[in-house]
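What follows is each chain in one-letter form.
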Amino acid sequence: MDKQELITIIGPTASGKTSLAAALAARLDTEIISGDSRQVYRGMDIGTGKDLADYVVEGQQIPYHLIDIRDAGEKYNVFEYQHDFHRAFAEIRAKGKLPILCGGTGMYIEAVLKGYKLLDVPQNPELRESLKGKSLAELEQLLASYKKLHNKTDVDSAQRAIRAIEIEEYYRTESPEQNEYAPIRSLIIGVNIDRELRREKISRRLRARLDEGMVDEVRRILASGVKPEDLIYYGLEYKYLTLYVTGVLSYVEMVSQLEIAIHQFAKRQMTWFRGMERRGFTIHWIDAQLPLPEKVQQIIDLIQ
């Protein structure tokens, strides 16, 4: 355990990584840092899949960090995440514990593991104006022309794509030094879920969340004063449910388009994680279908 400063658990959406991280945290008597770009928002619970019940293991509450730290409607980014992560990381390490980082936002996770020096990128009104009216497909094509590291997994709305281009343009002229923080020695565990099983779980989970009141959650957020375009910015569930609630899509269209978007998102997540391996990370893949105690034991064996 002395060799590692952190355990990182990654995997696509619906792979069961949160319950695995919580079970491992209970076994190691430690705490979890979320690596999810949307679970930082208060009130966005069902749509982001916080599944806070997963953080209770045999009656024991597992402490977690970087969930519910911003209000819905705010724009949070990898620069802020990196600094928030390091505060939580230092706090857990100061207790003599081995923190667990768990999430599916590849860029956030890679940024903290590598210690990238990131810049707090301001808005560029002229650039935004020039990109206004372009389709998401056109924006994605433009974004693909940049060579720099950027999280393309979460770019599923025009606003997010424009923000991603804005960041890349800023980095062209304001290139930072390579590192702000030291890279972190982490054992990285990947939860490997069969593609067809993943698709089945995503579809089942989407319907369960709709039954749990995800539409009402979106209505509640809009009623609190968050503008529809600001909720659409978050993509996936919040994009398509807002389009339904505001009358742009029918219920059937919303469910169909959202389901396709989540499947595409999970595929992009796996593409990112495979890219991490090409960029020099060692990921120990564990079969998602193994019983939970077996998965935990495999990780314990790797730590030791």
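Everything that follows concerns the structure shown earlier in this document.
The model shown is predicted, which means the values in this text are computed figures rather than measured ones.

A. Local environment of the overall build of the protein. A tally of regular secondary structure across the protein gives 12 helices and 10 strands. Its C-alpha atoms give the protein a radius of gyration of 19 Å, within 12% of the compact-globule value 19 Å for 304 residues. Sequence-distant contacts, at least 24 apart, represent 77% of the contacts inside the protein between residues at least 6 apart. Surface summary for the protein: the accessible area is close to 14200 Å², and the carbon and sulfur share equals 48%. Where the 42 positive side-chain charges of the protein centre and where its 45 negative ones centre are 3 Å apart.

B. Main features of the nonpolar core. Ile33, Tyr81 and Phe85 are the most contacted members of the largest nonpolar core, which totals 61 residues. Those elements that provide at least two residues to this core are strand 1 (6-10), helix 2 (78-94), helix 3 (106-114), helix 6 (158-173), helix 7 (195-212), helix 8 (214-223), helix 10 (236-245) and helix 11 (251-278). Considering every element that reaches this core, the biggest residue donor is helix 11, with 11 residues. Counting 27 residues, the second largest nonpolar core, distinct from the first, contains Ile193, Val296, Ile299 and Ile303.

C. Looking closely at unusual backbone geometry. If you check the backbone angles, Leu66 has positive phi at about 65° while not being a glycine. Considering the arrangement of structural elements, one finds Leu66 in the loop between strand 6 (64-65) and strand 7 (70-71). Look at Leu236: it is not a glycine, yet its phi comes out positive at around 45°. Looking at where Leu236 falls in the secondary structure, it is placed in helix 10.

D. Structural context of the packing of aromatic side chains. Applying the stated criterion across every chain yields a total of eight aromatic pairs. Sitting over the face of the ring of Tyr233, Lys75 holds its NZ or CZ atom 4.6 Å from the ring centroid. Taking the ring centre of Trp285 as reference, the NZ or CZ of Arg274 above it sits at 4.5 Å.

E. Spotlight on the sheet that holds strand 1. With parallel pairing, the six strands of this open sheet are ordered in space as 6-2-8-1-9-10. Whereas interior strands pair on both sides, the edge strands pair on one side only; in this sheet they are strand 6 and strand 10 (283-287). The pairing of strand 1 with strand 8 (residues 100-103) spans four bridges and is classified as parallel. Bridge pairing links Ile7 to Ile100 in strand 8. Helix-sheet contacts for helix 1 (residues 17-28) involve strand 1, strand 2 (32-34), strand 8 and strand 9 (186-192), and the interaxial angle to strand 8 is about 165°.

F. Just helix 3, in detail. Taking burial as the measure, the nine residues of helix 3 include eight buried ones, the bulk of the element. Restricting attention to buried positions, one finds in helix 3 the residues Gly106, Met107, Tyr108, Ile109, Glu110, Ala111, Val112 and Leu113. Next to the buried residues of helix 3 lie strand 1, helix 2, strand 8, strand 9 and helix 11. Immediately beyond the C-terminal end of helix 3, within one or two residues, lies Gly115, with a positive phi of roughly 75°.

G. Geometry of the side chain of Lys17. Mapping Lys17 onto the fold places it in helix 1. It turns out Lys17 is buried and unbridged, and the closest side chain with the opposite charge, Asp36, is 6.3 Å from it. In this structure the side chain of Lys17 is engaged in a polar contact, spanning 3.1 Å, whose partner is the backbone oxygen of Pro12. Beyond its immediate stretch of four places on either side in the chain, Lys17 contacts Ile9, Ile10, Gly11, Pro12, Cys102, Gly103, Gly104 and Val191.

H. Fine view of helix 8. Those residues of helix 8 that sit buried are Met214, Val215, Glu217, Val218, Ile221 and Leu222. Considered in projection along helix 8, the buried side chains sweep an arc of 160° and stay on one side of the axis. Away from the buried face of helix 8 by more than 90 degrees, exposed residues Arg220 and Ala223 are located. Lining the buried residues of helix 8 we find helix 7, helix 9 (228-232), helix 10 and helix 11.

I. Inspection of the environment of Tyr41 at higher detail. Mapped onto the elements of the fold, Tyr41 is located in strand 3 (residues 41-42). For the pair Tyr41 and Thr242, spaced 201 residues apart in sequence, the C-alpha separation works out to 16 Å. Not counting the four nearest positions on each side in its chain, Tyr41 is found in contact with Lys50, Asp68, Arg70, Asp71, Ala72, Glu74, Lys75, Tyr76 and Tyr234. At 3.0 Å, the side chain of Tyr41 forms a polar contact with the backbone nitrogen of Tyr76.

J. Expanded view of the packing of helix 10 against helix 11. Viewed as axis vectors pointing N to C, helix 10 and helix 11 meet at an angle of 165°, and their least axial separation amounts to 9 Å. It follows from the interaxial angle that helix 10 and helix 11 lie roughly antiparallel. Classified by chirality, the crossing of helix 11 by helix 10 is right-handed. Here Leu236, Glu237, Tyr240, Leu241 and Tyr244 of helix 10 come into contact with helix 11, specifically with Tyr251, Met254, Gln257, Leu258, Ala261, Ile262 and Phe265. The residue inventory of the contact of helix 10 with helix 11, partitioned by class, reads 10 nonpolar, one polar and one charged.

What counts and what doesn't
Residues numbered from 1 in each chain as written. Predicted model: local features only at pLDDT ≥ 70, side-chain atom pairs only at ≥ 80, totals over all residues. Heavy atoms only, no water. Helix = DSSP H or I, 4+ residues; strand = E, 2+ residues; numbered from the N terminus. Rg over C-alpha atoms; globule rule 2.2 N^0.38 Å. Contact = heavy atoms within 4.5 Å. Areas by Shrake-Rupley, 256 points an atom, 1.4 Å probe, with all protein chains shown as cover. Lys, Arg positive; Asp, Glu negative; His and termini not counted. Charge placed at Lys NZ, Arg CZ, Asp CG, Glu CD. Core = buried A, V, L, I, M, F, W, Y, C linked by side-chain atoms within 4.5 Å. Buried < 20%, exposed > 50% of the residue type's maximum accessible area, 1.4 Å probe, protein only. Phe/Tyr/Trp six-rings, centres within 6.5 Å; stacked < 30°, edge-to-face > 60°. Lys NZ or Arg CZ within 6 Å of the ring centre and 35° of its normal. Pairing = 2+ DSSP bridges. Axes fitted to C-alpha atoms, helices over the stretch in contact; angles between N-to-C directions. Salt bridge = Lys/Arg side-chain N within 4 Å of Asp/Glu carboxyl O. Polar contact = N/O pair within 3.5 Å; in protein donor to acceptor, adjacent residues only side chain to side chain. Arc of directions from axis to C-beta. Parallel < 35°, antiparallel > 145°, perpendicular 65-115°, else oblique. Left-handed = near helix turned anticlockwise from the far one by under 90°. Nonpolar A, V, L, I, M, F, W, Y, C, P; charged D, E, K, R; others polar.

Everything listed is a geometric property; what it means functionally is a separate question.
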